[in-house]
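Examination of the molecular architecture
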Amino acid sequence: MRRKLARDIDEELRFHLDMRAEEYSQEGRGAARRKALQRFGDFKLVVEACRSAGKLPPPPGTNESAIARLLSRFGVSMIDVRLGVRMLTKHPGLTGAAVFALAVGIPVGLAPMHAARMFEADPPFEEGRRVRILKNLDAGSANWVPSSLQEFFQWSDALSTFEALGVTKGSLYNIISDDGLAEPVPGAVVSASTFNILRILPQMGRTLDPSDELIGGPEVVVIGHAVWKSRLDGDPDAIGRTIRIGGVPHTVVGVMPEGFLFPFREGLWLPLRTNRLDETLLKARGYLVFGRLADGISLHQAQADLSVVGRRMAVESPETHALLQPEVVAFTKGLFGIRGGLQKEQGFYAFQVLALLILVVACANVGMLIFTRTVARSGELAVRTALGASRARVVMQLFVESLVLAVLAAGVGLLVADQISSSRFDMIADVSPPWFDLGVTRWTVAWAFSLAVLSAGVMGVVPALKVTGKKVRRHILGAGEGRSGVRFGALSSALTIANVTLAVATVPLAVGVVDGLTETQEGTTFEADQFLSARLRMPHTEPARASAIRLELIRRLEAEPGIRGVAVGTSLPGMDHPSGRIELDLDDDSSDPRGRRVSSVHVNVGYFDGLDHPILAGRGFEYADLSGDRSAVIVNTNFVNNVLGGRNPLGMRVRYVTRPTGGQTEPWLEIVGVVGSFAAIDAGLFHVLPPEETERVLLAVHVGDEPESFIPRMRALAAEVDPAVIISRPMALNEVFSFAVYVTDWITWGGRILTGILLALSVSGIYAIMSFTVVERTSEIGIRIALGAQRSSIVLNVAKRALVQLFAGIVIGVTIALGLLTVLKGGGAIPTQSPLVMATALGLGVTVLIGVLACTAPTLRALRIMPTEALRGDG
Amino acid sequence: MPREKTALLQGTLDMLILKALDREAKHGYSVARTIEQATDDVLSVDEGSLYPALHRMERKKWIESSWGLSENNRRAKFYEVTNMGRKQLSVETSEWTRYSHAIEQMLHTP
């Protein structure tokens, strides 16, 4: 529009110049043109003058900016914004409190949706959205299962809706340096099609060819930028050099560009070599199949195509594929195994509702503070009304003032949230793809702004409508005496009761939820900082040989001077434990028919000795337990207390509950011993570690002080035993990251902080509203005293109302807390542990104290005022 | 020898433009030429003022514009007076007549 206007003016003026030049044409063409221009004057200036002459005049006194124009579209004037900013500085206390409350409320309200959005991120490949993962859904468990090579080959042959399919499996590979030291690097076996599907070219050399997939062909590897830099010192002639991976020399055929990692954070790629006749290998799961949608093919078409293939496979191999339904899945979701996004995860909406509830509470309380300020400004509002401002205009002004506050708070909140998330991101960086961004995105900012507008609506418009109501305006305009004329009445009572309810319900509820997460855990102190932990892997070794290597490594480690013990297990104290559901072999087992969830760990025979953790009852594992049906299990004290209800566990039988579609039942296991519980591990069931286990094995070496000093020696010992042994992530056991502990920590601390904030908000709300209502009654108190009322009866009168509100709030709060706790505990009885009782008492005590203070101070002040003064003054 | 040109009196440009456009639609150059020719080149229209004035008057809805073809078949912007413009012209003309008559009377006072 604006450009067209400029073009028109230009054309019009040039026409004029040409005509004038024609008029002078007898003086020669050049001279005529010069003369015309001379007469015309400064062309640009005239253009500018025409443009401004054609515009509508701006309102007097304003210099209209782009922001102002944007705001005016929504009926907001810059004057309102300036007033809003002025209000921020005029009431710094209120601003501080409100910004604090909303700076917490807005990011917390956003957090669940933000977390859900992260899994929607597209991978950073060319047209990354069209690169999809193909996965089988197990209809029985409603979980995705990893794919097999057999599925990859069948899908590749049958699907026409994909340009090509690729397959990968991540692992760790030891790159052995010239001095014999092995250091593991995350890498992946990939099909040669991978790089074409991702449309990524190498920085040097080539990517993998189908010929590289031939069994018996030369050993080749494509390395990532980081490996090239660190292992080959960024050698420009790296192509053709060899590196030893797990003892086998591999020729480097390509170097990928910086930043390219695939599929997670793997930085070297070996060709997939498969014997298509080896059925066991073909059916083994653990692979990730992906592909690029063919041009013009929609997701829906690809899914339909895949479903047809899936149904055919179900008919052909019913024993393995009857319950499997293949799905085309977004890359990031597929990588994380989050089906349908976080929104479909259990508890997501509860989390979202809770988060928004916190925002609503924050808004309600800030709203209450603003309410009192707005009432105090009735005079100013009356003047504005008298000068002709409409109700809508005044409401808009108050809304914009709240909006300025909310936008400021949202900005502060986002900055703080960004700082926190980026500092905590290191913790999960290892287990997330590089494009996974926890920080603030444009989307987050847009949502935060929307929430700010919503908040401003709640806390600005509601009080504004109340204060500008007809009754109040009549009062203000007509009488003009000191009191605002705003009677809180029912609204104030409702707000007070709501806040008391919240204060009373919050604390026990938060304690109950956190308590429910961690159950009752008794933990013995375990000196994790004395142990060196590491992951022990031999993915490319035969199971029988792996078992022998492991035993030899344990023997050598134990023989090292100063080493007090070695423990090997699928999990170590303080780490995440896989869990399963079990049932008890008891006649009176009335517990949940789905079974009780317990942690399940496989440990070596010397595990508890190695950890210096004595058997409390029964016996430990023996080598004899490795033969036969391996039915002996050991439980911890948390298992005895929480699952068995304190019964003697020795000789008792338990078994895992299989899902109904699974067919066979699991064998019974016999409890042969009891050990103390480690902190942060719930009910635990220990099995003996099968010697053939090669993948998920962790090592704990009891070194003593500074356990990390033993890392080089441990690596050297491992390389001596076999170069194929991969020792990864060596660190002191107390440094080990446990997602469960991490999340529990966050929820516990987050819960405590949020509870504190909620409590602070509620009690400040109670104080503000109660003291305000008493202040509003100052003149009434004065009149009563003037009429001869007893001071005690006045105190009682004021206290009665406050007490009724407090009592109502407490009753509702306790009822809600108990109700919610009952739901959370799955219908069971509310445990009467001391933390919960203490928390309830704390919530009640603080609320009552604040309530009494809120009434007493202003009442006493009112009583001290002389009746005549109260009547004369502003009240 | 060309006649000496006189600059327009402040506040008269709008009136002259309206008068120039009174009979027919004209483009900017034609407006300028009409004023010059009607006054035997005594009044010279400053082009730097003419076009901003045309745009301002269009905004005030005294005149309206449309693109058309000029006498030499070029695209040109033509202006014509609206009813509001005619009223404005008659107001300004009577004021000017009154004003110039008063000045004349004063100057011819013996």
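Scope of this entry: the structure provided in the associated data block. (Residues numbered from 1 in each chain as written. Chains lettered and ligands numbered in written order. Predicted model: local features only at pLDDT ≥ 70, side-chain atom pairs only at ≥ 80, totals over all residues. Heavy atoms only, no water.)

**A short note on the nonpolar core**
Within soluble globular proteins, side chains that are nonpolar tend to cluster in buried spots. Our working rule: For the purposes of this section, nonpolar cores are sets of buried Ala, Val, Leu, Ile, Met, Phe, Trp, Tyr and Cys residues that join through side-chain atoms within 4.5 Å. Using a 1.4 Å probe on the protein chains alone, a residue whose accessible area is under 20% of its type maximum counts as buried, one over 50% counts as exposed, and one in between counts as partly exposed.
Grouped together as the largest cluster of nonpolar side chains are 38 residues, with contacts concentrated most on Trp155(A), Ile223(A) and Leu268(A). Listed in part, the 32 residues of the second largest apolar core include Cys50(A), Val45(B), Leu54(B) and Leu89(B).

**A word on the pattern of salt bridges**
Side-chain pairs of opposite charge can arise whenever the charged atoms involved come near each other. How we decide: Only one rule defines a salt bridge in this text: a Lys or Arg side-chain nitrogen within 4 Å of an Asp or Glu carboxyl oxygen. Helix and strand assignments follow DSSP, with helices taken as H or I runs no shorter than four residues and strands as E runs no shorter than two, numbered in order from the N terminus.
Under the definition given, this model contains 35 salt bridges over all chains. When the shortest N-O distance is used, the salt bridge between Glu47(B) and Arg39(A) registers 3.6 Å. Of this pair, Glu47(B) sits in helix H3 (residues 47-59) while Arg39(A) sits in helix H2 (residues 29-40), which puts the two residues in different chains. With a shortest N-O distance of 3.1 Å, Arg199(A) and Glu163(A) are connected by a salt bridge.

**Re the environment of Ala802(A)**
Residues and elements named next belong to chain A. To be explicit about the condition: Contact criterion: two residues are considered in contact whenever any of their non-hydrogen atoms come within 4.5 Å of each other.
Locating alanine 802 in the fold gives a position in helix H26 (residues 791-824). Spatially, the C-alpha atom of alanine 802 lies 9.7 Å from that of isoleucine 497, the residues being 305 residues apart in sequence. With near-sequence residues (within four places) excluded, alanine 802 lies in contact with Met770 and Cys855.

**Section: the interface of chain A and chain B**
Operational definition: Throughout, the accessible surface (probe 1.4 Å) given up by two parts as they are put together, summed over both, is called the buried area. Three residue categories are used. Nonpolar comprises Ala, Val, Leu, Ile, Met, Phe, Trp, Tyr, Cys and Pro, charged comprises Asp, Glu, Lys and Arg, and polar comprises the others, including Gly.
Of the residues lining the interface, 24 residues belong to chain A; the matching set on chain B comes to 26 residues. Together chain A and chain B conceal approximately 2,100 Å² of surface at their shared face, both sides included; 53% is due to carbon and sulfur atoms. When the area that chain A buries against chain B is broken down by residue, the three leading residues are Glu12(A), Phe15(A) and Arg39(A), summing to 30%. At the junction of chain A with chain B, the criterion picks out 7 salt bridges. For the salt bridge of Arg39(A) with Glu36(B), the shortest nitrogen-to-oxygen distance reads 2.5 Å. Looking at the side of chain A that touches chain B, the elements with two or more residues in it are helix H1 (2-23), H2 and helix H3 (43-54) of chain A. Per-element accounting of the side of chain A that touches chain B gives the leading share, 13 residues, to H1(A). Considered class by class, the residues forming the side of chain A that touches chain B number 11 nonpolar, 3 polar and 10 charged.

**Section: the packing of aromatic side chains**
Stated precisely, the cut-off is as follows: Any two rings among Phe, Tyr and Trp, with Trp reduced to its six-membered ring, count as a pair given centres within 6.5 Å; such a pair is stacked if its planes are under 30 degrees apart, edge-to-face if over 60, and tilted if neither. Either the NZ atom of lysine or the CZ atom of arginine qualifies as a charge over a ring when it sits within 6 Å of the ring centre and within 35 degrees of the ring normal.
For the structure on display, the rule yields 15 aromatic pairs over all chains. With 5.8 Å between their ring centres and 90 degrees between their planes, Phe125(A) and Phe331(A) make a pair best called edge-to-face. In this pair, Phe125(A) is assigned in the loop between helix H6 (92-118) and strand S1 (131-138) and Phe331(A) in helix H13 (residues 331-336), connecting sequence segments 206 residues apart. Comparing Phe125(A) with Phe331(A), the two get one shared label, buried. A ring pair is formed by Phe260(A) and Trp269(A), whose centres lie 5.2 Å apart and whose planes are at 45 degrees; its orientation type is tilted. The two residues Phe260(A) and Trp269(A) agree in class, both being buried. One aromatic cluster is present, formed by Phe125(A), Phe195(A), Phe260(A), Phe262(A), Trp269(A), Phe290(A) and Phe331(A) through successive ring pairs. Its end group placed over the ring of Tyr287(A), Lys169(A) keeps NZ or CZ at 5.2 Å from the ring centre. Above the plane of the ring of Trp67(B) lies Arg75(B), whose end atom (NZ or CZ) is 4.1 Å from the centre.

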